[in-house]
Structures are given as C-alpha cells and as structure tokens.
Amino acid sequence: MTNQALMTLNSENYYSRKSNKQYMSVSQFREFEECESAAMAYLNGDIEKEPTGPMLVGSYTHAAFESDEVFNQFLEENNSIIFKKNGSKYADYDQADKMIETLKNDKFASFALSGEKERIFTANLFGVDWKCKVDNINHENQFFSDLKTTQNIYKREWSEKYDSWVSFIEKWDYVLQMAIYRKIIERNTGQLYTPYIVAVSKEKIPNKAVVYFDESRFDFEYEYAEMKLQRIIEVKNGEVDPVACGKCDYCKSTKKLNGTIEVGELIHV
C-alpha cells in the first residue's frame, strides 16, 4: 500500500474504490473484520456498496449540520426517498428532523458540533496509510467530534471484542474510530486534539449526550488495531486468501452447500 504514489484525496474521490485500495480507514478495517471475502469482493469490483435506509437517514442528519447548501443538495438528490407523493416526509425522516432540532436547540451540543466540517486527513500509522474524514474539527479549542445516531443511547449491547456488556459506542467500534482519528490528526497538526461523540437517539422524544473518552481506552484500541492489521494487509495485498464469514449478504449469495452441519454449529459458527 506504500509502494506507489498515493492519490490526493478530496470530497469527490474519498469514497472511491481506488482510494480504498490505497488507504486503510476505520470503516474498511471493520469490513475486513466482519468478512474478508466481502471486503475483497468490493475492492476487486465484484460487488457494489448500496446505501441502506438507516445509512441514508444518517447522511440526512449529518448533512443538516454541515451546511444549508449540502443539506439542500441532499434533499434534491434524494427527493423521492425522503418525500411522499403528497409532499410530507416519510416517518424516518420526520424522526430525523426531531433529532436535528433536539441538537440544534441545545447550546452545548451545538458547540460540540462546531468547527470545520468534513475535513479529510491522511497519515501513516503502524506502517499503513490511513485516511479519515472528520465530521467537525475545532482548531481554536483543539477538539473534534462525530455525530452518531442510535436507538437508545443507554442501551447495553454484548461485545465479543470486549467480552462484556458495553455501550453502543463500544459495540460499533466508535472508540477505535476516535482513537485512530486522534492519532491521524496529531500526525497532521502536531497537537493532541480531544475527541467527542455527540449522540442523539431515535426515540419518540430524542435523548442526547456529548460523550468523552478516558485516555486509558485508547491504548487498547491501538494495540488491537496493530494486532489485526497484519492479517488484513496480507489479505488486501493478495498474499493470503480471504476467509468467508458465511453469514453476510455476499457470502449468502455465493454459498454452495457440500454437506451437513450439527445443530450446535448454528450458534457457534
């Protein structure tokens, strides 16, 4: 990944297949953890990534905090998905409007979401070239933040990674995301910025919180990432064959049965 001249990233090419081949990102790291075969199928052009309903609602919510221009462009490009024929919005987007209003009407949440929007950074970490796009970065106060939506900000989830009950932030690897972003930003600015997550729930009356991280959490994430990266890069570079998870949509679509399984395997595979 470092043997060729790296492309300069911008808003147009950041999510391109070419940039994903050259750079590692937290989302790509997680994709390889979930299923190596599906991750490689995308990089090789065998499948495309189709945005899900929740992803589009998340993009709608993020766009509302980026700028009026970006938000209006999103509305125009996704008009048929957001609006019914009678001009009213579908339920998910009505709910998103409540979440947006909840945060915009809160001075502390608004401050936590202030700063330069969608800033792209790159850096070499653990011998691998990484990219990230930061929701908000506030250079004056040396912090950055990421907006996250969730069903309930206090819901407990079981995590195989941590082998314990955890918050939604740990469940979806947002601690890893903030740790990697923090290190990339430090490599670019020479300063250690403080990360925050601004969380808002999808409940009838949206709940909200600005979440910080104890410093001790990051050490584990760096060790975890470095440990996992060797295998991921070997697969990504074609040095070893990817392993199929057998459960994702890609694996289900390519699955060929060649025998039977014992009932216990249904919950342990």
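Counting starts from 1 at the beginning of each chain's written sequence and moves along it residue by residue. Since the coordinates come from a predicted model, pLDDT governs what is reported: local features require at least 70, and pairs of side-chain atoms require 80 or more to be given and counted, while whole-chain, interface and lining totals use all residues. Each side-chain value is worked out from all heavy atoms of the structure, with water and hydrogens disregarded.

A.B. asks: Please clarify how empty space enclosed by the protein should be interpreted in this entry.
C.D. replies: Summary: where empty space remains is shown by rolling a probe the size of a single water molecule over the atoms. Points on a 1 Å grid over protein atoms alone make up a cavity when a 1.4 Å probe fits among them but cannot get out, and a pocket when they form an open set with protein on both sides within 12 Å along at least five of seven lines; lining residues each have an atom within 4 Å of a point. Grid points are joined across faces, edges and corners, and a volume is the space filled by probe spheres set on the points. For the structure on display, the rule yields one cavity of 30 Å³ or more. In this model, the largest cavity occupies a volume close to 70 Å³. In terms of lining, the largest cavity is formed by His62, Phe65, Glu66, Leu113, Lys117, Glu118, Asp135, Asn136 and Leu147. Of all the secondary structure elements, the ones that give two or more residues to the lining of the largest cavity are α4 (53–66), β1 (116–125) and β2 (128–138). Each helix corresponds to a stretch of at least 4 residues labelled H or I by DSSP, and each strand to a stretch of at least 2 residues labelled E; elements are numbered beginning at the N terminus. Considering every element that reaches the lining of the largest cavity, the biggest residue donor is α4, with three residues. Grouping the constituent residues of the lining of the largest cavity by class yields three nonpolar, two polar and four charged. Just so you know the grouping, Ala, Val, Leu, Ile, Met, Phe, Trp, Tyr, Cys and Pro go in nonpolar, Asp, Glu, Lys and Arg go in charged, and all remaining residues, Gly too, go in polar.

A.B. asks: When you look at the environment of Asn10 in this model, what are you seeing that I'm missing?
C.D. replies: Position of Asn10 among the secondary structure elements: in the segment before α1 (17–22). Note on exposure labels: buried denotes an accessible area under 20% of the residue type's maximum, exposed denotes more than 50%, and partly exposed covers the range between, all computed with a 1.4 Å probe on protein chains only. On the basis of relative accessibility, which here comes to 33%, the residue Asn10 falls in the partly exposed class. Sequence separation between Asn10 and Glu118 is 108 residues; the distance between their C-alpha atoms is 10 Å.

A.B. asks: I would appreciate a short explanation of the environment of Leu75 in the present structure.
C.D. replies: Inspection of the secondary structure puts Leu75 in helix α5 (residues 68–77). For the pair Leu75 and Tyr60, spaced 15 residues apart in sequence, the C-alpha separation works out to 8.0 Å. Setting aside its immediate chain neighbours within four residues, Leu75 contacts Tyr60, Ile82 and Phe83. Contacts are assigned to residue pairs that have any heavy atoms within 4.5 Å of one another.

A.B. asks: What is the right way to look at the packing of helix α2 (residues 26–34) against helix α11 (residues 216–236) in this model?
C.D. replies: The geometry of a pair of packed helices is captured by two quantities: the angle between their axes and the separation between those axes. Structural elements are reduced to axes, namely lines fitted to C-alpha atoms, with helices fitted over the stretch in contact, and the angle between N-to-C directions of any two is expressed from 0 to 180 degrees. In contact at an axis separation of 10 Å, α2 and α11 are set at 75 degrees when each is read in the N-to-C sense. Taken together, the axis directions place α2 and α11 in an arrangement best described as roughly perpendicular. For the pair α2 and α11, the contacting residues are Gln28, Phe29, Phe32 and Glu33 in the first and Tyr224, Ala225, Lys228, Leu229, Ile232, Val235 and Lys236 in the second. Among the residues forming the contact of α2 with α11, the class breakdown is seven nonpolar, one polar and three charged. Relative orientations are named as follows: roughly parallel for angles under 35 degrees, roughly antiparallel for angles over 145 degrees, roughly perpendicular for angles from 65 to 115 degrees, and oblique for any other angle.

A.B. asks: What is the right way to read the sheet that holds strand β6 (residues 194–201) from this model?
C.D. replies: The strands that make up a sheet pair up through hydrogen bonds in the backbone, lying either parallel or antiparallel. At least two DSSP bridges between two strands are needed for those strands to be called paired. One open sheet accounts for five strands, arranged β1-β2-β3-β6-β7; its pairing is mixed. Of all the strands in the sheet, the pair left with one neighbour each is β1 and β7 (208–211). When strand polarity is set aside, the average angle formed by the axes of neighbouring strands in this sheet is 35 degrees. Across four bridges, β6 lies against β7 in antiparallel orientation. The residue bridging Ala199 from the neighbouring strand is Ala209, located in β7.

A.B. asks: Mind showing me how you'd approach unusual backbone geometry here?
C.D. replies: Leaving glycine out, the prevailing phi sign among residues is negative, and the prevailing peptide bond configuration is trans. Phi is positive for Glu118, which is not a glycine, with a value near 50 degrees. Along the chain, the position of Glu118 falls in strand β1. Positive phi is not limited to glycine here, since Asp163 has a value of about 55 degrees. You can see Asp163 is positioned in the loop between β4 (157–159) and β5 (164–166).

A.B. asks: What am I meant to see in the pattern of salt bridges here?
C.D. replies: Side chains that differ in charge, positive against negative, can pair when their charged atoms come close. In the sections that follow, a salt bridge refers to a side-chain nitrogen of Lys or Arg positioned within 4 Å of a carboxyl oxygen of Asp or Glu. If you walk through the whole model with that rule in mind, you get 15 salt bridges. For Arg119, the salt bridge is made with Glu116, and the minimal N-O distance between the two is 3.5 Å. A residue is classified by how much of its surface remains accessible, and Arg119, at 30% relative accessible area, is partly exposed. As a salt-bridge pair, Lys161 and Asp173 come within 2.6 Å of each other at their nearest N and O atoms. One end of the pair, Lys161, is in the loop between β4 and β5; the other, Asp173, is in the loop between α9 (168–171) and α10 (174–189), and twelve residues separate them in sequence. When its relative accessible area of 22% is taken as the criterion, Lys161 is described as partly exposed.

A.B. asks: Can you walk me through the side chain of Glu170 in this structure?
C.D. replies: In this fold, Glu170 is placed in helix α9. Classification of Glu170 by relative accessible area gives buried; the value is 16%. Those residues within four positions of Glu170 in sequence are excluded, and the remaining contacts are Tyr162, Val175 and Arg217.

A.B. asks: I tried to follow the packing of aromatic side chains on my own but got confused; where do I start?
C.D. replies: Each aromatic ring pair is specified by the distance between its two centres and by the angle formed by the two planes. Paired rings are identified among Phe, Tyr and Trp, the last through its six-membered ring, by centres lying within 6.5 Å, and are further divided according to the angle between planes into stacked (under 30 degrees), edge-to-face (over 60) and tilted (the rest). Tallying each qualifying case throughout the model produces 14 aromatic pairs. Both rings, one in Phe168 and one in Tyr174, keep their centres 6.2 Å apart while their planes meet at 80 degrees; by these two values the pair is edge-to-face. The exposure classification of Phe168 matches that of Tyr174, with both residues buried. Members of the aromatic cluster, connected to one another through ring pairs, are Phe29, Trp130, Tyr162, Phe220 and Tyr224. Directly above the ring of Phe65 sits Lys104, whose terminal nitrogen or CZ lies 5.5 Å from the centroid. Criterion for a charge above a ring: Lys NZ or Arg CZ within 6 Å of the ring centre, and within 35 degrees of the ring normal. For Arg156, the ring lying beneath its charged end belongs to Trp165, and the centroid distance is 4.6 Å.

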